[in-house]
Each structure stands twice: as C-alpha cells, then as structure tokens.
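Chain and residue survey
Here are the chains, one letter per residue:
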Amino acid sequence: MLEEEYAPRRRLPPHLRPSPVPEPGFAFSLREARAADLPHVREIFGHYVENSAITLAEKPKTLQEWRRTFAYLQRLGLPFLVAESPSQQIIGFALGEPWQQRAGGRYTVEVSIYLRPASTGKGLGRALLTELITRCRAAGVREMLAVIADRRAEGSIRLHESAGFAEIGRMGRVGFKFDRWLGTVLLQKRLSEADGPGPQRTGLARLLRGRRR
C-alpha cells in the first residue's frame, strides 16, 4: 500500500485529537424597528403572502404601505419590533396594530409575528411575542388578539397559548386562497384587569385627546 493511500486512514488517539470546532449558535437581538428596516420587513412578509396561507393577504404590502404602518404605530406609541442577527440581518419582526381604527377599539391590538424561514423553530417567535406583550402593556394596551389562519397552524396556536392567550372562537371557511377555503382561530390575552382606560400618557390616549379638540 502506498504511503499516500495509508495516510488518510491514520487516526490519532482520542487524547491527541483536536477538539471539534462548535457550530455557531443561533443568536439575535430585539429592538424597535427603524425606517431603514422596512424593506426587510416587506421581504419577510411578502414571502408568506406568496407562499403560505398563514396570512389571507393575496398581495404583498408595498414599501409605501409599510411606511404608513410604521408612522401610524409610532404616532400611537405602539410597538414595532425587529429581530437582528449578529451580522445585522433582519430575521423577523413583530407588531401590534389597533384591532379597529376607531376610538372605541384603541386599547385592543392585533398581533403579527413573521420570521425568515431559516429562523423558525429556534425560539425567536417566542422571544418576539414575549417582548411584544411587555411593550404593549407599557403602552397602555388592555387586550391583545391573535387571528391565526390555516388548518395547519397548530404550532402558532401553541405558541400563543404558552404566552397566556386563550382561544375564544373559530370561524370556518372565511377566506379563500390557493384554491381552498380557510378558517381562522381567534385567541385573546388580557393585559389589564382595571375598569378604567390605560395609562393617560400613552400615544393612544394622546391621539384620542387630539381628536376631541
């Protein structure tokens, strides 16, 4: 046998073998979204619009529409969060939009959380939801809603239930996408047991006072 044929088969004793290089762990940081993040937010959301039924939207939101959403939530003082990788890539986002853009529904928000496909199943969705709950409570929000579409959304339902959301209803065949009818599951989490409105210094309260003038 030639030396070059024999060499690859040599194995050092365990105590002389170099330690394997560990694979880099999944890491991220959460922060408030900035205007420069919106093209990445648009890309993430657009992927799910075009390739899944977890949203009933059929057309991705334009960058201009995302800018309007961003400005609106800033004006209300409601959270719009992004998850950023160590390489500064935006790998997910979460926000709470007013359930109804009417004065009477200003203390209830609907939750939206979307991740890049490669970032799912690693705890990022749970981290975003937990931080979103904390910031909604600080903003004076009283109720949070999650509207989950598609019959294969058990993972999303379990995630919200683990964060204290409770199922309050189901609607069958209320959406049509990809040549099939889809239902939705509605979950709710109460942030405040008080009978009065939320903190008076929140963006929500300031907006209401401005409308009364």
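The notes below deal with the structure included here. (Residues numbered from 1 in each chain as written. Predicted model: local features only at pLDDT ≥ 70, side-chain atom pairs only at ≥ 80, totals over all residues. Heavy atoms only, no water.)

What about the sheet that holds strand β4 (residues 108–115)?
Where we set the bar: We treat two strands as partners when DSSP finds at least two bridges between them. A run of H or I in DSSP becomes a helix once it reaches four residues, and a run of E becomes a strand once it reaches two; helices and strands are each numbered from the N terminus. To get an axis, fit a line to the C-alpha atoms, keeping to the stretch in contact for a helix; angles then go from 0 to 180 degrees between the N-to-C directions.
Taken in spatial order, the 7 strands line up as β1-β2-β3-β4-β5-β7-β6 in an open sheet, and their pairing is mixed. What marks the edges here is a single partner per strand, and that holds for β1 (29–32) and β6 (166–177). This sheet shows a mean twist of 25° between the axes of neighbouring strands, independent of strand direction. For β4 and strand β5 (residues 143–149), the ladder comprises 3 bridges, and the chain directions are parallel.

So, the environment of Arg116
Tracing the chain through its elements places Arg116 in the loop between β4 and α4 (124–138). Residues Arg116 and Ile44, 72 residues apart in the sequence, show an inter-C-alpha distance of 5.9 Å.

What about the nonpolar core?
Where we set the bar: Take the buried residues of types Ala, Val, Leu, Ile, Met, Phe, Trp, Tyr and Cys, join any two whose side-chain atoms come within 4.5 Å, and each joined set is a nonpolar core. To sort residues, take the accessible area from a 1.4 Å probe on protein chains only and compare it with the maximum for the residue type: under 20% means buried, over 50% means exposed, and anything in between is partly exposed. Working rule for contacts: check all heavy atoms of both residues, and any pair within 4.5 Å makes them a contact.
Membership of the largest hydrophobic core comes to 45 residues, with the highest contact counts inside it found for Phe80, Phe93, Met144 and Phe165. The residues contacting Phe93, other than those within four sequence positions of it, are Val41, Ile44, Phe45, Trp66, Phe80, Leu81, Val82, Ser112, Ile113, Tyr114 and Leu128.

Considerations on the pairing of strand β3 (residues 90–98)
Along a regular strand, successive side chains alternate from one face of the sheet to the other. When you tally the buried positions in β3, you get 8 out of 9 residues, the bulk of the element. In terms of strand pairing, strand β2 (residues 80–84) meets β3 through 5 bridges, oriented antiparallel. What sits directly across from Phe80, in β3, is Leu95. Count of turn residues in the β2/β3 antiparallel hairpin: 5 residues, of which Gln88 carries a positive phi of about 70°. Two strands pair when backbone bridges link them, and β3 and β4 are joined in this way by 7 bridges, in the antiparallel orientation. When the sheet's bridge partners are listed, Phe93 is paired in β4 with Tyr114.

Quick word on α4
Definition in use: By this rule the span expected of a helix is its residue count minus one, scaled by 1.5 Å. Here the arc refers to the set of directions running from the helix axis out to each C-beta atom.
Across its 15 residues, α4 extends 21 Å between first and last C-alpha, which sits within 8% of the 21 Å expected from 1.5 Å per residue. When we look at burial in α4, the residues that qualify are Leu124, Gly125, Leu128, Leu129, Leu132, Ile133 and Cys136. Mapping the buried residues of α4 onto a view down its axis gives an arc of 165°, with all of them on the same face. Of the residues one or two after α4, Gly140 is the one with positive phi, at around 95°.

Digging into the side chain of Ser85
Heads up, the rule is: Distance and chemistry together define a polar contact, namely a pair of N or O atoms within 3.5 Å, with one atom able to donate a hydrogen and the other to accept it when in protein, and with adjacent residues in sequence counting only for side-chain atoms on both sides.
Mapping Ser85 onto the fold places it in the loop between β2 and β3. In this structure the side chain of Ser85 is engaged in a polar contact, spanning 2.9 Å, whose partner is the side chain of Ser87. With sequence-adjacent residues up to four places away left out, Ser85 is seen in contact with Ala27, Phe28 and Ile91.

Quick word on the pattern of salt bridges
Keep this limit in mind: The salt bridge definition used is simple: a Lys or Arg side-chain nitrogen within 4 Å of an Asp or Glu carboxyl oxygen.
Applying the stated criterion to the full structure yields 7 salt bridges. Among the ionic pairs, Asp37 bridges to Arg31, the shortest N-O distance being 2.8 Å. Across the pair Glu131 and Arg135 runs a salt bridge, and its minimum N-O distance is 2.7 Å. Of this pair, Glu131 and Arg135 both sit in helix α4, separated by 4 residues, roughly a single helical turn. What makes Arg135 partly exposed here is its relative accessible area of 26%. Sharing partners across several salt bridges, the network here consists of Arg31, Asp37 and Glu84.

Thoughts on the packing of helix α2 (residues 38–51) against helix α3 (residues 63–76)
Let me state the cut-off plainly: Each angle is binned into one of four classes, with values under 35 degrees roughly parallel, values over 145 roughly antiparallel, values of 65 to 115 roughly perpendicular, and all other values oblique. Handedness of a crossing follows from how the near helix is turned relative to the far one, being left-handed for an anticlockwise turn of less than a right angle and right-handed for a clockwise one. Classification used: nonpolar for Ala, Val, Leu, Ile, Met, Phe, Trp, Tyr, Cys and Pro, charged for Asp, Glu, Lys and Arg, polar for all others including Gly.
Direction vectors running N to C along α2 and α3 enclose 115°, while the axes themselves pass 10 Å from each other. Here α3 runs roughly perpendicular to α2, going by the angle between their axes. The two elements α2 and α3 meet at a crossing, and its hand is right-handed. In this structure, α2 contributes Leu38, Pro39, Val41, Arg42 and Phe45 to the contact, and α3 contributes Leu63, Trp66, Arg67 and Phe70. Grouping the constituent residues of the contact of α2 with α3 by class yields 7 nonpolar, no polar and 2 charged.

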